[in-house]
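# Summary of the model geometry
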Amino acid sequence: MIKRIRSWWKRKDDPNKVKITSDNIPQHIAIIMDGNGRWAKRRGLPRVVGHQNGMKAVKRATIAADELGIKYLTLYAFSTENWKRPKDEVDFLMRLPQEFLKIELDELIAKNVQIRMMGDKNGLPKHTLEAMEEAVKRTSYNDGLVLNFALNYGGRNEITDCMSMIGREIEAGTLRSEDINSQWIEDHLLSAGLPDPDLLIRTSGEMRVSNFMLWQLAYSELWFTDIYWPEFNKNHLHDAVAEYQRRTRRYGGLS
Ligand code: IPE
Ligand code: IPE
Ligand code: MG
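None of these values were measured; they are calculated from a predicted model.

## Digging into the site of ligand 2
Taken together, Ile 32, Met 33, Asp 34, Tyr 76, Ala 77, Phe 78, Ser 79, Asn 82, Arg 85, Arg 202, Arg 208 and Ser 210 make up the full set of residues near ligand 2. Contact distances for ligand 2 include 2.9 Å between an oxygen atom and a side-chain N or O atom of Asn 82. Measuring from an oxygen atom of ligand 2, one finds a side-chain N or O atom of Arg 85 at 3.2 Å. Computed on the free molecule, ligand 2 has an accessible area of 390 Å², of which 78% lies beneath the protein chains in the complex. Among the elements that line the shell around ligand 2, the one with the most residues is strand S2 (residues 72-79), at 4 residues. Class assignment of the residues belonging to the shell around ligand 2 gives a composition of 5 nonpolar, 3 polar and 4 charged.

## Overview of the UniProt feature "binding site: Mg(2+)" (unreviewed entry) in the chain
UniProt's feature table lists "binding site: Mg(2+)" (unreviewed entry) at Asp 34 and Glu 221, given in the numbering used throughout. In this structure, Asp 34 sits in the loop between strand S1 (28-32) and helix H2 (36-42). You can call Asp 34 buried: its relative accessible area is 16%. With near-sequence residues (within four places) excluded, Asp 34 lies in contact with Arg 202, Thr 203, Ser 204, Glu 206, Tyr 228 and Trp 229. Of note, Glu 221 is situated in strand S6 (residues 221-224). Apart from residues no more than four positions distant in its own chain, Glu 221 is found in contact with Asp 198, Leu 199, Leu 200, Tyr 244, Arg 247, Thr 248 and Arg 249.

Rules used throughout
- Residues numbered from 1 in each chain as written.
- Chains lettered and ligands numbered in written order.
- Predicted model: local features only at pLDDT ≥ 70, side-chain atom pairs only at ≥ 80, totals over all residues.
- Heavy atoms only, no water.
- Near = heavy atom within 4 Å.
- Polar contact = N/O pair within 3.5 Å; in protein donor to acceptor, adjacent residues only side chain to side chain.
- Areas by Shrake-Rupley, 256 points an atom, 1.4 Å probe, with all protein chains shown as cover.
- Helix = DSSP H or I, 4+ residues; strand = E, 2+ residues; numbered from the N terminus.
- Nonpolar A, V, L, I, M, F, W, Y, C, P; charged D, E, K, R; others polar.
- UniProt positions renumbered as here; feature names shortened; annotations may be inferred.
- Buried < 20%, exposed > 50% of the residue type's maximum accessible area, 1.4 Å probe, protein only.
- Contact = heavy atoms within 4.5 Å.

Right, here's the structure in full:
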(Lines give C-alpha, C1' and ligand atoms only; values in the text may rest on other atoms or scores of the structure.)
(Ligands and ions follow the chains in the order given, each with its own letter.)
Protein backbone atom coordinates (compact mmCIF):
# COMPACT_ATOMS: atom_id res chain seq x y z
CA MET A 1 0.00 0.00 0.00
CA ILE A 2 2.73 2.43 1.03
CA LYS A 3 4.65 1.42 -2.07
CA ARG A 4 1.61 2.18 -4.22
CA ILE A 5 1.14 5.60 -2.67
CA ARG A 6 4.80 6.34 -3.19
CA SER A 7 4.69 5.46 -6.87
CA TRP A 8 1.51 7.49 -7.34
CA TRP A 9 3.18 10.41 -5.59
CA LYS A 10 6.22 10.10 -7.76
CA ARG A 11 4.06 10.20 -10.85
CA LYS A 12 2.14 13.19 -9.61
CA ASP A 13 5.38 14.92 -8.79
CA ASP A 14 6.83 14.37 -12.25
CA PRO A 15 4.10 13.18 -14.61
CA ASN A 16 6.48 12.94 -17.55
CA LYS A 17 9.03 10.71 -15.98
CA VAL A 18 8.79 7.33 -17.64
CA LYS A 19 10.95 4.31 -17.19
CA ILE A 20 13.25 3.48 -20.09
CA THR A 21 15.82 0.74 -19.83
CA SER A 22 19.11 1.22 -21.62
CA ASP A 23 19.36 -2.33 -22.91
CA ASN A 24 16.38 -2.21 -25.29
CA ILE A 25 16.60 1.14 -27.04
CA PRO A 26 15.16 1.01 -30.58
CA GLN A 27 17.94 1.25 -33.09
CA HIS A 28 15.87 3.05 -35.71
CA ILE A 29 12.88 5.34 -35.10
CA ALA A 30 10.84 6.71 -37.99
CA ILE A 31 8.41 9.59 -37.50
CA ILE A 32 5.48 10.79 -39.58
CA MET A 33 5.51 14.41 -38.45
CA ASP A 34 1.86 15.30 -38.90
CA GLY A 35 -0.51 18.02 -37.71
CA ASN A 36 1.39 21.23 -38.44
CA GLY A 37 -1.56 22.74 -40.28
CA ARG A 38 -4.12 21.87 -37.60
CA TRP A 39 -1.78 23.15 -34.89
CA ALA A 40 -1.71 26.53 -36.65
CA LYS A 41 -5.41 26.55 -37.46
CA ARG A 42 -6.30 25.96 -33.84
CA ARG A 43 -4.39 29.13 -33.00
CA GLY A 44 -5.94 31.13 -35.85
CA LEU A 45 -2.58 31.23 -37.67
CA PRO A 46 -1.66 30.42 -41.28
CA ARG A 47 -0.66 26.79 -41.93
CA VAL A 48 2.93 27.77 -42.70
CA VAL A 49 3.38 28.98 -39.12
CA GLY A 50 2.69 25.38 -38.14
CA HIS A 51 5.47 24.21 -40.46
CA GLN A 52 7.83 26.82 -39.04
CA ASN A 53 7.13 25.56 -35.52
CA GLY A 54 7.40 21.98 -36.72
CA MET A 55 11.04 22.74 -37.46
CA LYS A 56 11.64 23.40 -33.78
CA ALA A 57 10.12 20.03 -32.97
CA VAL A 58 12.56 18.44 -35.44
CA LYS A 59 15.40 19.85 -33.39
CA ARG A 60 13.89 18.66 -30.09
CA ALA A 61 13.29 15.16 -31.47
CA THR A 62 16.83 14.96 -32.86
CA ILE A 63 18.45 15.97 -29.59
CA ALA A 64 16.22 13.66 -27.55
CA ALA A 65 16.91 10.72 -29.89
CA ASP A 66 20.63 11.36 -29.73
CA GLU A 67 20.55 11.53 -25.93
CA LEU A 68 18.71 8.21 -25.77
CA GLY A 69 21.38 6.55 -27.91
CA ILE A 70 19.13 5.95 -30.90
CA LYS A 71 21.29 5.28 -33.94
CA TYR A 72 18.91 6.19 -36.81
CA LEU A 73 16.11 8.74 -36.90
CA THR A 74 14.07 9.01 -40.11
CA LEU A 75 11.74 11.99 -40.43
CA TYR A 76 8.99 12.16 -43.05
CA ALA A 77 9.25 15.76 -44.16
CA PHE A 78 7.51 15.79 -47.55
CA SER A 79 5.69 13.03 -49.40
CA THR A 80 5.37 12.52 -53.15
CA GLU A 81 1.65 13.30 -52.62
CA ASN A 82 2.29 16.62 -50.84
CA TRP A 83 2.78 18.31 -54.25
CA LYS A 84 -1.03 18.36 -54.39
CA ARG A 85 -1.05 21.21 -51.87
CA PRO A 86 -1.32 24.90 -52.81
CA LYS A 87 1.84 26.22 -54.47
CA ASP A 88 2.53 28.76 -51.70
CA GLU A 89 2.57 26.05 -49.06
CA VAL A 90 4.76 23.76 -51.19
CA ASP A 91 7.20 26.62 -51.86
CA PHE A 92 7.37 27.32 -48.14
CA LEU A 93 8.00 23.66 -47.33
CA MET A 94 10.76 23.49 -49.96
CA ARG A 95 12.54 26.41 -48.32
CA LEU A 96 12.42 24.88 -44.84
CA PRO A 97 15.37 22.47 -45.23
CA GLN A 98 17.65 25.41 -46.08
CA GLU A 99 16.34 27.43 -43.20
CA PHE A 100 16.67 24.53 -40.78
CA LEU A 101 20.21 23.75 -41.89
CA LYS A 102 21.28 27.39 -41.82
CA ILE A 103 20.34 27.54 -38.15
CA GLU A 104 21.18 24.02 -37.01
CA LEU A 105 23.90 22.52 -39.20
CA ASP A 106 26.88 23.68 -37.12
CA GLU A 107 25.34 22.30 -33.95
CA LEU A 108 24.46 19.02 -35.69
CA ILE A 109 28.05 18.73 -36.89
CA ALA A 110 29.30 19.41 -33.35
CA LYS A 111 27.00 16.64 -32.12
CA ASN A 112 28.52 14.21 -34.65
CA VAL A 113 25.17 13.80 -36.45
CA GLN A 114 25.25 12.35 -39.97
CA ILE A 115 22.55 13.78 -42.24
CA ARG A 116 21.07 11.68 -45.02
CA MET A 117 18.28 12.18 -47.48
CA MET A 118 15.86 9.66 -48.92
CA GLY A 119 13.46 10.57 -51.72
CA ASP A 120 13.17 11.47 -55.40
CA LYS A 121 15.89 14.07 -55.89
CA ASN A 122 14.80 14.87 -59.45
CA GLY A 123 11.54 16.42 -58.33
CA LEU A 124 13.12 18.83 -55.84
CA PRO A 125 13.85 22.50 -56.53
CA LYS A 126 17.57 23.14 -57.08
CA HIS A 127 17.93 25.28 -53.93
CA THR A 128 16.40 22.56 -51.72
CA LEU A 129 18.53 19.80 -53.18
CA GLU A 130 21.74 21.85 -52.96
CA ALA A 131 21.16 22.65 -49.29
CA MET A 132 20.45 19.01 -48.49
CA GLU A 133 23.40 17.72 -50.47
CA GLU A 134 25.76 20.15 -48.82
CA ALA A 135 24.57 19.00 -45.38
CA VAL A 136 24.92 15.35 -46.39
CA LYS A 137 28.44 16.01 -47.65
CA ARG A 138 29.55 18.04 -44.64
CA THR A 139 28.33 15.40 -42.19
CA SER A 140 29.33 12.30 -44.15
CA TYR A 141 32.30 11.51 -41.91
CA ASN A 142 30.27 11.82 -38.70
CA ASP A 143 29.43 8.55 -37.02
CA GLY A 144 26.86 9.59 -34.42
CA LEU A 145 23.09 9.68 -34.89
CA VAL A 146 22.01 9.23 -38.51
CA LEU A 147 19.34 11.85 -39.21
CA ASN A 148 17.58 10.72 -42.36
CA PHE A 149 15.15 13.15 -44.01
CA ALA A 150 12.45 11.58 -46.19
CA LEU A 151 11.95 14.40 -48.66
CA ASN A 152 9.82 13.96 -51.77
CA TYR A 153 9.56 10.37 -50.59
CA GLY A 154 6.86 7.86 -51.50
CA GLY A 155 6.91 4.18 -50.62
CA ARG A 156 5.17 3.08 -53.82
CA ASN A 157 7.55 5.10 -56.00
CA GLU A 158 10.46 3.55 -54.16
CA ILE A 159 9.20 0.02 -54.80
CA THR A 160 8.28 0.81 -58.41
CA ASP A 161 11.78 2.20 -59.08
CA CYS A 162 13.28 -0.93 -57.55
CA MET A 163 11.15 -3.12 -59.83
CA SER A 164 12.13 -1.20 -62.95
CA MET A 165 15.78 -1.52 -61.91
CA ILE A 166 15.27 -5.27 -61.76
CA GLY A 167 13.72 -5.21 -65.24
CA ARG A 168 16.60 -3.18 -66.68
CA GLU A 169 19.26 -5.40 -65.13
CA ILE A 170 17.60 -8.56 -66.37
CA GLU A 171 17.32 -7.06 -69.87
CA ALA A 172 20.98 -6.10 -69.75
CA GLY A 173 21.91 -9.59 -68.59
CA THR A 174 23.49 -8.36 -65.33
CA LEU A 175 20.88 -10.02 -63.10
CA ARG A 176 19.18 -13.41 -63.08
CA SER A 177 15.67 -13.76 -61.67
CA GLU A 178 16.86 -16.43 -59.22
CA ASP A 179 19.27 -13.89 -57.66
CA ILE A 180 16.42 -11.62 -56.54
CA ASN A 181 15.65 -12.03 -52.86
CA SER A 182 14.65 -9.71 -50.01
CA GLN A 183 18.29 -8.76 -49.39
CA TRP A 184 18.68 -7.68 -53.04
CA ILE A 185 15.54 -5.59 -52.76
CA GLU A 186 16.66 -4.00 -49.49
CA ASP A 187 19.99 -3.12 -51.04
CA HIS A 188 18.23 -1.32 -53.90
CA LEU A 189 15.65 0.66 -51.93
CA LEU A 190 16.27 4.28 -50.98
CA SER A 191 16.84 3.14 -47.41
CA ALA A 192 19.78 0.88 -48.40
CA GLY A 193 22.23 0.70 -45.53
CA LEU A 194 19.67 1.52 -42.84
CA PRO A 195 18.05 -1.16 -40.70
CA ASP A 196 14.23 -1.32 -40.80
CA PRO A 197 12.56 1.03 -38.32
CA ASP A 198 11.94 -0.65 -34.97
CA LEU A 199 9.42 1.98 -34.02
CA LEU A 200 7.13 4.20 -36.12
CA ILE A 201 5.67 7.28 -34.48
CA ARG A 202 2.84 9.31 -36.01
CA THR A 203 1.51 12.48 -34.45
CA SER A 204 -1.83 14.28 -34.91
CA GLY A 205 -4.16 11.36 -34.23
CA GLU A 206 -4.13 9.97 -37.78
CA MET A 207 -3.64 6.22 -37.84
CA ARG A 208 -2.32 5.49 -41.30
CA VAL A 209 1.07 5.18 -42.96
CA SER A 210 0.43 7.59 -45.86
CA ASN A 211 2.81 5.86 -48.30
CA PHE A 212 5.73 5.87 -45.85
CA MET A 213 8.36 3.08 -45.89
CA LEU A 214 5.90 0.43 -47.06
CA TRP A 215 8.52 -2.30 -47.36
CA GLN A 216 10.54 -1.34 -44.30
CA LEU A 217 7.66 -1.06 -41.80
CA ALA A 218 6.72 -4.74 -42.16
CA TYR A 219 7.53 -5.52 -38.51
CA SER A 220 7.86 -2.07 -36.93
CA GLU A 221 6.04 -1.30 -33.72
CA LEU A 222 3.54 1.52 -34.24
CA TRP A 223 2.90 4.33 -31.77
CA PHE A 224 0.31 7.04 -32.33
CA THR A 225 -0.36 10.19 -30.39
CA ASP A 226 -3.04 12.87 -30.69
CA ILE A 227 -0.63 15.72 -30.17
CA TYR A 228 0.29 17.84 -33.19
CA TRP A 229 3.86 17.73 -34.44
CA PRO A 230 4.82 21.30 -33.37
CA GLU A 231 4.07 20.24 -29.77
CA PHE A 232 6.30 17.16 -29.90
CA ASN A 233 9.04 17.12 -27.27
CA LYS A 234 11.44 14.86 -25.43
CA ASN A 235 8.72 13.53 -23.12
CA HIS A 236 6.67 12.26 -26.06
CA LEU A 237 9.69 10.46 -27.46
CA HIS A 238 10.32 8.93 -24.04
CA ASP A 239 6.67 7.81 -23.80
CA ALA A 240 6.95 6.15 -27.22
CA VAL A 241 10.20 4.38 -26.35
CA ALA A 242 8.82 3.25 -22.97
CA GLU A 243 5.77 1.80 -24.72
CA TYR A 244 8.05 0.15 -27.31
CA GLN A 245 9.94 -1.52 -24.47
CA ARG A 246 6.69 -2.99 -23.13
CA ARG A 247 5.89 -4.66 -26.48
CA THR A 248 6.78 -8.22 -27.42
CA ARG A 249 8.06 -8.52 -30.98
CA ARG A 250 7.31 -11.95 -32.36
CA TYR A 251 7.93 -11.65 -36.12
CA GLY A 252 5.35 -14.34 -36.68
CA GLY A 253 6.94 -16.71 -34.19
CA LEU A 254 6.11 -17.39 -30.58
CA SER A 255 7.37 -15.34 -27.67
C1 IPE B 1 2.71 17.69 -41.62
O2 IPE B 1 1.69 18.53 -41.25
C3 IPE B 1 3.70 18.34 -42.54
C4 IPE B 1 3.64 17.84 -43.92
C5 IPE B 1 2.84 16.92 -44.38
C6 IPE B 1 4.54 18.46 -44.87
P7 IPE B 1 0.44 18.82 -42.18
O8 IPE B 1 0.76 19.97 -43.06
O9 IPE B 1 0.01 17.59 -42.89
O10 IPE B 1 -0.64 19.24 -41.11
P11 IPE B 1 -2.18 18.82 -41.10
O12 IPE B 1 -2.22 17.34 -41.18
O13 IPE B 1 -2.81 19.47 -42.28
O14 IPE B 1 -2.68 19.35 -39.80
C1 IPE C 1 2.15 12.49 -44.28
O2 IPE C 1 1.27 13.46 -43.84
C3 IPE C 1 3.33 13.12 -44.94
C4 IPE C 1 4.27 13.81 -44.07
C5 IPE C 1 4.18 13.93 -42.78
C6 IPE C 1 5.37 14.43 -44.73
P7 IPE C 1 0.03 13.94 -44.73
O8 IPE C 1 -0.63 15.01 -43.95
O9 IPE C 1 0.50 14.29 -46.08
O10 IPE C 1 -0.84 12.62 -44.82
P11 IPE C 1 -2.39 12.41 -45.12
O12 IPE C 1 -2.70 13.21 -46.36
O13 IPE C 1 -3.14 12.91 -43.95
O14 IPE C 1 -2.53 10.94 -45.31
MG1 MG D 1 -1.25 16.08 -42.44
